[in-house]
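Summary of the model geometry
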Amino acid sequence: MNNKLKLLIIGFLSVYQAFSQTQPSCDVLIYGGTAAGVMASIAAAGEGASVLLVEPGSHLGGMLTGGLSHTDYGDRAVIGGLALEFYQRVADHYEKPLYFWRGPEPHVGEQILKEWLQDSRVKVIYNERLKSVRKSGKMIESVEMLSGRTFRAGVFIDATYEGDLMDRAGVSWTVGRESVSEYHESWAGRQPLYGMRHNFGVGISPFADEKNEKLLPLIHHKPIVKEGEADSAVQAYCFRLIMTNDPANRVTIERPENYDPARYELLRRYLKKLRPADLNGTGVIQPFINLPGNKAEINSSGPISTNLYDGSNWAYPDADYPLRDKIWADHLAYTHGLLYFIGNDSSVPEKIRRQAQEWGLCKDEFADTGHWPHQLYVREARRMLGEYVLTQHDLQTNTLKYDAIGMGSYNMDIRHVQRTWIWASHFPELFPETCNEGYISIPVKPYEIPYRSLLPRYEECANLIVPVCISSSHLAFASVRMEPQFRILGQAAGVAAAMAVRQKLPVHRIDIASLQEKLTRQGQIISLEDNPNGFFQQGNTVVVDDDMSRFVKRTGSWHASENPNVARKDITYRLTDSKEYAEMTYQPYLPASGKYRIYGWWAKGATSATKVPVEITCGKDSRTVVVNQRETGDGWVLLGTFDCEKGYQTRVTISNGGADGIVIADSFKFVQIPPSAYLSGQSVRYLRFRIR
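Residues numbered from 1 in each chain as written. Predicted model: local features only at pLDDT ≥ 70, side-chain atom pairs only at ≥ 80, totals over all residues. Heavy atoms only, no water.

Right, let's get into the nonpolar core. In this structure, L29 and I465 are the most contacted members of the largest nonpolar core, which totals 144 residues. With 11 residues, the top contributor of residues to this core is helix 13 (residues 483–503). Leave out the neighbours within four places in its chain, and I465 touches F156, I157, D158, Y451, L454, L455, A493, A496, A497 and V507. One finds M407, V552, A609 and V612 within the second-largest nonpolar core, a separate group that totals 52 residues. (Core = buried A, V, L, I, M, F, W, Y, C linked by side-chain atoms within 4.5 Å. Buried < 20%, exposed > 50% of the residue type's maximum accessible area, 1.4 Å probe, protein only. Helix = DSSP H or I, 4+ residues; strand = E, 2+ residues; numbered from the N terminus. Contact = heavy atoms within 4.5 Å.)

What follows is the structure, given as structure tokens:
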């Protein structure tokens, strides 16, 4: 073979290799198979765009399928569109009413997402980590992966928890807590060290060596800043575990490799001083069945729990992949060791050890990761500094936005960012005490999220949308970060991306009114101004559930329950067995005046009261219906037909006044009767009650 032929062959092979590594273009490329990424993919495909979803790992759903099954929510009236459809698919799978479960078992959730993507004809590529981004001016042209593969698209969506694509694209971002002065947020910056949940109620020395003040493991070595000042703190990470006490499905917590019980000396000291009565009292884990399949989703619950507060995750947001992998592995090692310690260490009371050993991981979950969740709970990482920075003010006072594309409603909920220590004054001396710092949970109103907060600054990038690491302060992101809201923002990002591709426009210049119209037609809730009930108003029917704080007020002692063994409506119900007077008042917003059939829902039970007063007031029409919750219930029960006025003029109050057992308050439904129905003399049959 002559040299010329060799050169031709080599040249051909190099061109072929380059061609094979550069994938065909698509309209929209989503990087990150989180719940936001999946919803963005489905939404963009639904608008006719060709879509490629690139996931750096081997699973879809992020935390939605990676351990956070018992999903947190705020005001569920703001959940609509694809986010609501996911809950409906969960309900259909389990053959339960909508919202009976907060979420599915992880393997079920991932299967739902996979089938949904297949039905939407979205191509998914796994195990591709981003290396670099190629831009031309303000436009991203392509992304290169560590494998060498290159993908091109018209619009890109960064749906990762870390914000790697926006970072590689040269988009401005930040990490950590702003100071109070940055955006004039009253709850910003470093927080006070006492008066918080999940903290130590007993004095624990932080020192392994008192003389040299050498700190124990699990304590952050970095000095704290002054109260209200900025720092680089991020919320603690953890693994949200899926556990069971079913021996047939239980995986025993074995001794970890390289296990060092000295890492948990702080827990040993804490338990010795606290002297808890049972496993729940330790705060390490508080398992209870809250998922189908006899499973418990474990959240952090005490001062020493599955959250790792040693500050090791502060480096994670901007770390390279090897360092991230190391932090990830250390969190897993910590969690494994923690469970083994509480179930086996001789310093733990025997009763608590036995209780801990009753719980283990699930054989039918996370099979390819040793039954540990495949997703680390990255509560926050980078946050974009984009066209509009969402702050505390946008969640509490400035809640309306002309370019709203979805809504949020969860508290500004910040888990501790570090475990530190102080010199505490106990007359007549000072003592070193361990404390966790950073926790707050501040109520907010349902607020509108502007499209601008999903966009980089126009001069930095014009074809990128960021629905997870949105442009926001540390405080505002603490509310936005909930999985239902990520799904809401993912849908908006997908529709907007498809519009930009079709119209050949920067994502900043699409018509906002058209975007809002599309989202509204798809069931997305972008405002409660015109419909205060959100999804809970369907046609002529309004439903008010016990956990809808805008419409429900409680006095006296009511206990919340999610017991799956009763016929509850939606996720929760309330009960009272108090001897003291207790009442709950439901005050719905009714969209029009007219005749309404009013229904109640409660679970009947053998210990429930037979005489439960339900007072219904509709203007001048006021009646008290006495119901028997021992013999009726487990579904909608008609209480009567009433003349009601538009607005907040109707009240339903259920109480334990004169009740002879447990009283349950769950949901009430208000169904407007078309005027033609009652003008023609149409009758309504319902259960007979004693009216007084």
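Moving on from the model shown.
The subject of this paragraph is the pattern of salt bridges. Inspection of every chain in the model, using the stated rule, returns 39 salt bridges. Ionic pairing is found between R134 and E141, a salt bridge with its closest N-O pair at 3.5 Å. With a relative accessible area of 57%, R134 lands in the exposed category. For E141, a relative accessible area of 35% puts it in the partly exposed group. R168 is the salt-bridge partner of D167, the closest N and O atoms lying 3.1 Å from each other. Counted as one network, the salt bridges with shared partners bring together D164, D167, R168, D318, R324 and R382. (Salt bridge = Lys/Arg side-chain N within 4 Å of Asp/Glu carboxyl O.)

Attention now goes to helix 4 (residues 106–119). At 3.6 residues per turn, the α-helix brings residues three or four places apart onto the same side. With 14 residues, helix 4 extends 20 Å from end C-alpha to end C-alpha; this agrees with the ideal 20 Å at 1.5 Å per step. Where helix 4 is concerned, the buried positions are P106, V108, G109, E110, I112, L113, W116 and L117. Residues of helix 4 that are buried sit in contact with helix 2 (35–46), strand 2 (51–54), helix 3 (81–94), strand 3 (123–125) and strand 10 (241–244). (Expected span 1.5 Å × (residues − 1).)

Next up on the list: the sheet that holds strand 26 (residues 573–576). Strands sit in the order 25-26-33 across an open sheet of 3 strands; the sheet is antiparallel. Where the open sheet ends on each side, the last strands, each with one partner, are strand 25 (559–561) and strand 33 (663–665). Each strand axis lies, on average, 30° off the axis of its neighbour in the sheet, ignoring direction. By the bridge criterion, 3 bridges tie strand 25 to strand 26 in an arrangement that is antiparallel. (Pairing = 2+ DSSP bridges. Axes fitted to C-alpha atoms, helices over the stretch in contact; angles between N-to-C directions.)

This part covers the packing of aromatic side chains. Under the defined criterion, the tally for this structure stands at 21 aromatic pairs. Judged by centre distance (6.3 Å) and plane angle (70°), the rings of F239 and W328 are edge-to-face. Separated by 89 residues along the polypeptide, F239 in the loop between strand 9 (214–215) and strand 10 and W328 in helix 9 (residues 321–344) bring together distant segments of the chain. Note on W328: relative accessible area 24%, which makes it partly exposed. Centre to centre, the rings of W421 and W423 are 5.5 Å apart; their planes meet at 80°, and the pair counts as edge-to-face. Taking the relative accessible area as the measure of exposure, W423 reaches 44% and is therefore partly exposed. Through successive ring pairs, a cluster of aromatic residues spans F86, Y87, Y99, F535 and F536. Sitting over the face of the ring of Y87, R487 holds its NZ or CZ atom 4.8 Å from the ring centroid. Here R568 stacks its cationic end above the ring of F100, 3.9 Å away from the centre of that ring. (Phe/Tyr/Trp six-rings, centres within 6.5 Å; stacked < 30°, edge-to-face > 60°. Lys NZ or Arg CZ within 6 Å of the ring centre and 35° of its normal.)

What follows deals with the packing of helix 3 against helix 13. Relative orientation of the contacting elements helix 3 and helix 13 amounts to 130°, with a least axis distance of 7 Å. With respect to helix 13, the axis of helix 3 lies oblique. Contacts from G81, L82, A83, F86 and Y87 in helix 3 reach P484, R487, I488 and Q491 in helix 13. (Parallel < 35°, antiparallel > 145°, perpendicular 65-115°, else oblique.)

Attention shifts here to the side chain of S41. With respect to the secondary-structure elements, S41 resides in helix 2. By relative accessible area, which is 0% here, S41 ends up buried. Setting aside residues no more than four positions away along its own chain, S41 makes contact with I30, V51, L53, L117 and V122.

Per-residue confidence for the protein chain averages 93 on the pLDDT scale, and 94% of its residues sit at or above 70. In this model residues 7–20 is a low-confidence stretch, pLDDT under 50, and it forms 1 contact with partners more than four residues away in sequence or in other chains. (pLDDT = per-residue confidence, 0-100.)

All of the buried residues along helix 14 (residues 512–521) are L515, Q516, K518 and L519. Each buried residue of helix 14 sits inside an arc of 160° when the element is viewed along its axis, so together they form one side. At its buried positions, helix 14 is contacted by strand 15 (404–408) and helix 13. Positive phi shows up at G523, right after helix 14, with a value of about 90°. (Arc of directions from axis to C-beta.)

Moving on to the packing of helix 9 against helix 10 (residues 350–357). Where helix 9 meets helix 10, the axes come as close as 6 Å, and the angle between the chain directions of the two elements is 130°. Viewed along their axes, helix 9 and helix 10 adopt a mutual orientation that is oblique. Contacts between helix 9 and helix 10 pair I342, G343 and N344 from the former with I352, R353, A356 and Q357 from the latter. Split into classes, the residues belonging to the contact of helix 9 with helix 10 amount to 3 nonpolar, 3 polar and 1 charged. (Nonpolar A, V, L, I, M, F, W, Y, C, P; charged D, E, K, R; others polar.)

Quick look at the environment of A35 now. Mapped onto the elements of the fold, A35 is located in helix 2. Spatially, the C-alpha atoms of A35 and T397 are 29 Å apart, while their sequence positions differ by 362 residues.

Now for the sheet that holds strand 22 (residues 537–538). Strand order in the open sheet formed by 5 strands is 22-23-34-28-31, with antiparallel pairing between adjacent strands. The two strands at the open ends of the sheet, each matched to only one other strand, are strand 22 and strand 31 (635–644). Where strand 28 (residues 594–602) and strand 34 (residues 667–672) come together, 6 bridges link them in antiparallel fashion. Pairing of R597 across the sheet is with V671, part of strand 34.

What follows concerns the pairing of strand 30 (residues 621–627). Among the 7 residues of strand 30, 5 are classified as buried, and the element is accordingly described as predominantly covered. Both strand 29 (residues 612–618) and strand 30 contribute to a ladder of 7 bridges, which runs antiparallel. Each bridged residue has a counterpart across the sheet, and for T617 the counterpart in strand 30 is S622. Counted between consecutive antiparallel strands, the loop separating strand 29 from strand 30 contains 2 residues, among which G619 sits at a positive phi close to 65°.

With that settled, the discussion passes to the state of the cysteines. Per the counting criterion, the structure on display carries 0 disulfides. Cysteine C461 shares no disulfide, and the gap to the nearest cysteine sulfur, in C469, comes to 15 Å. Taking relative accessible area as the criterion, C461 reaches 0% and is therefore assigned buried. Classification of C469 as buried rests on a relative accessible area of 1%. (Disulfide = S-S within 2.5 Å.)

Turning our eyes to something else, we now look at the environment of V480. With respect to the element layout, V480 can be found in helix 12 (residues 474–480). Overall, the relative accessible area of 0% leaves V480 in the buried class. For V480 and H93, which are 387 residues apart along the polypeptide, the C-alpha to C-alpha distance reads 28 Å. Ignoring any residue separated from it by four or fewer positions in sequence, one finds V480 in contact with L390, Y447, I470, Q485, F486 and L489.

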